[in-house]
Amino acid sequence: MSTSRALSAAAPAADRPARRRDPEATRAAIIDGALAFVEQHGRAPTAKEIATQAGVSERSVFVHFADLDELRHAVGLRQAERWKALAAPIDPVWPLERRVEALLDQRCRMYELMTPVRRVGLSEEGVSSAVASVMAAGDAWFRADVSAVFAGEAAALPAAQEPGGLLDAVDAAVSWAAWDHLRHRRGLSAATTSAVLRRTVLALLA
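In this text the structure is predicted, and so the values were computed from the model without any measurement.

Calculation criteria
Residue numbering note: each chain is counted from 1, following its sequence as written. pLDDT decides what is reported in this predicted model: residues at 70 or higher carry local features, side-chain atom pairs at 80 or more are listed and counted, and totals for whole chains, interfaces and linings draw on all residues regardless. Excluded from the side-chain calculations are hydrogens and water; all other atoms, namely the structure's heavy atoms, are used. Each helix is a run of H or I in the DSSP string that is no shorter than four residues. Each strand is a run of E no shorter than two, and both are numbered from the N terminus. Type-normalised accessible area, obtained with a 1.4 Å probe on protein chains alone, sets the label of each residue: buried when under 20%, exposed when over 50%, and partly exposed for intermediate values. Whether two residues are in contact is decided by their heavy atoms, any of which lying within 4.5 Å being enough. All accessible areas in this document rest on Shrake-Rupley with a 1.4 Å probe, and a residue is counted as covered only by the protein chains that are shown. Pairing of N or O atoms within 3.5 Å defines a polar contact, subject to two protein rules: one partner must be a possible hydrogen donor and the other a possible acceptor, and residues neighboring in sequence count only if both atoms are side-chain atoms. Nine residue types can take part in a nonpolar core, namely buried Ala, Val, Leu, Ile, Met, Phe, Trp, Tyr and Cys, and a core is a set of them joined through side-chain atoms within 4.5 Å. Only one rule defines a salt bridge in this text: a Lys or Arg side-chain nitrogen within 4 Å of an Asp or Glu carboxyl oxygen.

Caption draft 1: Representation of the overall build of the protein chain within the structure. When its secondary structure is counted, the protein chain shows 11 helices and zero strands. Ordered by position in the sequence, the α and β elements of the protein chain form the string α-α-α-α-α-α-α-α-α-α-α. Per-residue burial for the protein chain yields a buried fraction of 38% across its 206 residues. Counting only contacts in the protein chain whose residues sit at least 6 apart along the sequence, the fraction spanning at least 24 positions is 62%. As presented, the protein chain carries roughly 11,700 Å² of accessible surface, and 55% of it is formed by carbon and sulfur atoms.

Caption draft 2: Representation of the environment of Tyr-111 in the model. Structurally, Tyr-111 is set in helix H6 (residues 96-124). Residue Tyr-111 is classed as buried on the basis of its relative accessible area of 2%. Between the alpha carbons of Tyr-111 and Ser-175 there is a distance of 9.0 Å; along the sequence they are 64 residues apart. At 2.6 Å, the side chain of Tyr-111 and the backbone oxygen of Val-174 are in polar contact.

Caption draft 3: Local environment of the nonpolar core. Formed by 30 residues in total, the largest nonpolar core has its most connected members in Tyr-111, Phe-150, Val-170 and Val-201. Listing elements by their share of this core, those giving two or more residues are helix H5 (68-84), H6, helix H7 (129-149), helix H9 (166-173), helix H10 (176-185) and helix H11 (190-205). Looking at this core element by element, the count peaks at seven residues for H6. Beyond its immediate chain neighbours, meaning those up to four positions away, Tyr-111 contacts Phe-142, Val-174, Ser-175, Trp-176 and Trp-179. In this structure, Ile-31, Leu-35, Ala-51 and Val-61 belong to the second largest nonpolar core, which totals 16 residues.

Caption draft 4: Representation of the pattern of salt bridges in the model. Applying the stated criterion to the full structure yields 15 salt bridges. Measuring nitrogen to oxygen at the nearest pair gives 2.7 Å for the salt bridge that ties Arg-43 to Glu-49. For Arg-43, a relative accessible area of 38% corresponds to the partly exposed category. Accessibility expressed as a relative area gives 24% for Glu-49, which makes it partly exposed. Taking the shortest distance from any N to any O, the salt bridge between Asp-180 and Arg-119 comes out at 3.0 Å. Here the residue Asp-180 occupies a position in helix H10, and Arg-119 occupies one in helix H6, the gap between them amounting to 61 residues. Owing to a relative accessible area of 12%, Asp-180 belongs among the buried residues under this scheme. Note on Arg-119: relative accessible area 39%, which makes it partly exposed.

Take a look at the structure:
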């Protein structure tokens, strides 16, 4: 053995460069890996499948998350960040048709991104309180968005914000459920789906 190799072998472990994994990067990789698996496979993954997708050990999943429900909650929050990043301000003083066009353009991009993950979320929310809470928060965001965009129309009708009133009707008309029905049950294109919802909303607000 050469002198240099012998010295290297004898060097204390503390003197050798250590390979360290950034805990935040690992946590993010696990969350993004779980999200990517759902998008690719259309179902909730196991811990082993998440680890494989993220390129970490299965043990790492439970080092960073107490259980899979905590991970589901983190994945839901990450997904919400993604679709909320597509939101753009819609001025409530714009003409009605301009607001409706802007809203549906925004919802089109959001819903196309959301669909694979939301379908799995709907199947999981009955057994996971974490998923249910994240989805409820998302639904509340969309409802508040409708209220803000059509605040002027609602102000003109005292009962508009009551349960079953005008804003509930508009919220239903531009919901993901309506979008998904037309896009995937009826097989319409995104552009045609937007046109149908535009017609519905304008009729409600006429």
